[in-house]
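Take a look at the letters that make up each chain.
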Amino acid sequence: MSTSSTPRSRGDKRSSWATFRRRLVLVRRLLRGSATVPELIRAAEAEQGAEAYPPAADLAVKHDLQSLRDEFGCVISYQRAQRVYILEELGDLALLDLPDDALEALAFLDATFPDDAPIGGNDRVRLLIGRMFALLPAVRRDAIGRRFTLPRMTWSASYTEDVKPQTLDIIQQAISLQRQLTFEYSSNYDTDSQSRQYQVAPYLVYFRDGHTYLDSTVLQPPPDRDKLLFRAIQFRLDRIVPGKIRMAHESIPNARPSQPVYEVIYTLAPAVARNRDVAHWFPETTVDYQDDGSALVKGYVTNLWQARQILMRYIEHCQVLEPPELVEMMRQTVAKMAALYTVLPSDYVGL
């Protein structure tokens, strides 16, 4: 009686491994979003070639999806109206794990960008965080809630910013391709309530003080705003007129047009400077703390309007010394506030 056994075919091993890899491809495709059967087939063929599936490919895809459900506990649903499959849970097929410090960072992102965060594109941030959580083993997801107590970002006000996804998409594409943008913009400073058309070189989208801004240089200002030519302007994305933005054919200039640079010099009273922890608001800030607890602060800016906004936060504890243009802007602001509150010279006595 022969005791030898028939060796398992190497072809069977290769076939099993190819099937497993193909199923992983399906999972990765579904992690990107819902997909139809033809889309899943194309994803597999893109990685494994035309031989990824047998002739009866539709049936094989459904068999692969059912195997993922049975073998790994994946929750994959089918939306009959759209004819798409949706990966709802990975089950035991956790494709990612992170060290504790990285889990702590993920928990911090989750706390910093809650569902109601008033930031343009926040839905995309939440999508990324959700994807990261979904890829973790269940025990590691549970560890985030138990082990890490982190500060939570609290938004100081409720904002009604409504950045249209199409607007953000076009801006991001233009920045990526280094192309100019044309759009209509409604500003609060346009007293006629009419939108105006701008052509700009876009450089950066950023979030500040509850709003999402586009940092850009104006290349073609409206006819009545010729002073804005080649000026660096920050446009609020929610004030760009929906449907009135497009990416132009022209590329942005090779070098960004230079802006006037101002040295800002101001003093801060002891009430905000005596602990020697003054904020560095501007590039190249230097702080010279005085014996009386005050501070002499110097820095450089290109946008005096923003500099005024920042320094007004110190209210009466800040005095701007340079440049003369900013001093005059502060004087005008204080004068208008005094008139608004009917402040008379006699009211300052005893203050």
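Residues numbered from 1 in each chain as written. Predicted model: local features only at pLDDT ≥ 70, side-chain atom pairs only at ≥ 80, totals over all residues. Heavy atoms only, no water.

Considerations on the sheet that holds strand β7 (residues 240-251)
In space, the 5 strands of this open sheet follow the order β6-β5-β4-β3-β7, with antiparallel pairing throughout. At either end of the open sheet lies a strand with only one pairing partner, and these are β6 (232-236) and β7. When the angles between neighbouring strand axes are averaged without regard to direction, this sheet yields 45°. Relative to strand β4 (residues 196-208), strand β3 (residues 179-185) is paired through 5 bridges, and the arrangement is antiparallel. If you follow Glu184 over to β4, its bridge partner there is Gln197. Taken strand by strand, helix α7 (residues 165-177) contacts β3, β4, β5 (211-220) and β7, and its axis lies near 15° from that of β7. (Pairing = 2+ DSSP bridges. Helix = DSSP H or I, 4+ residues; strand = E, 2+ residues; numbered from the N terminus. Axes fitted to C-alpha atoms, helices over the stretch in contact; angles between N-to-C directions. Contact = heavy atoms within 4.5 Å.)

So, helix α9 (residues 304-311)
An α-helix turns once per 3.6 residues; consequently, residues spaced three or four apart project the same way. Buried residues of α9: Leu304, Gln306, Ala307, Ile310 and Leu311, and no others. Each buried residue of α9 lies within a common arc of 155° when the element is viewed along its axis, so the set occupies one face. Against the buried residues of α9 lie β4, β6, β8 (262-268), β10 (295-301), β11 (318-322) and α10 (324-340). Between the side-chain oxygen at the start of α9 and the backbone nitrogen of Trp305 there is a gap of 3.0 Å, and the oxygen is on Asn303. (Buried < 20%, exposed > 50% of the residue type's maximum accessible area, 1.4 Å probe, protein only. Arc of directions from axis to C-beta. Polar contact = N/O pair within 3.5 Å; in protein donor to acceptor, adjacent residues only side chain to side chain.)

Structural notes on the environment of Phe207
Counting through the fold element by element, Phe207 comes out in strand β4. Separated by 29 residues in sequence, Phe207 and Arg236 place their C-alpha atoms 9.6 Å apart.

Remarks on the nonpolar core
In terms of nonpolar packing, the biggest core is built from 23 residues, with Leu30, Leu40, Tyr53, Leu65, Ile76 and Leu87 touching the most fellow members. No other element matches helix α3 (residues 57-72), which puts 5 residues into this core. The residues contacting Leu30, other than those within four sequence positions of it, are Ala35, Leu40, Leu65, Ile76, Tyr85 and Leu87. (Core = buried A, V, L, I, M, F, W, Y, C linked by side-chain atoms within 4.5 Å.)

Details of a nonpolar patch on the surface
On the surface, Met337, Leu340, Tyr341 and Val343 cluster together into a nonpolar patch covering about 430 Å² of accessible area. Relative to the assigned elements, Tyr341 resides in the segment after α10. (Patch = residues over 30% accessible without salt bridge, like charges linked within 9 Å, V, L, I, M, F, W, Y side chains within 5 Å. Areas by Shrake-Rupley, 256 points an atom, 1.4 Å probe, with all protein chains shown as cover. Salt bridge = Lys/Arg side-chain N within 4 Å of Asp/Glu carboxyl O.)

Focus: α10
With 17 residues, α10 extends 24 Å between its outermost C-alpha atoms, agreeing within 8% with the 24 Å of an ideal straight helix rising 1.5 Å per residue. Of all the positions in α10, only Leu326, Met329, Met330, Thr333 and Ala338 are classed as buried. Of the surrounding secondary structure, the elements contacted by the buried residues of α10 are β8, α9 and β11. The first or second residue beyond α10 is Thr342, which carries a positive phi of 50°. (Expected span 1.5 Å × (residues − 1).)

A short note on the packing of aromatic side chains
Per the counting criterion, the structure on display carries 11 aromatic pairs. Each ring, one from Phe183 and one from Phe235, has its centre 5.1 Å from the other, and the planes form 80°; the classification is edge-to-face. In this pair, Phe183 sits in strand β3 while Phe235 sits in strand β6, placing the two residues 52 residues apart along the sequence. Residue Phe183 shares its accessibility class with Phe235, and that shared class is buried. Among the aromatic residues, ring-to-ring pairing joins Phe183, Tyr185, Tyr198 and Phe235 into one connected group. (Phe/Tyr/Trp six-rings, centres within 6.5 Å; stacked < 30°, edge-to-face > 60°.)

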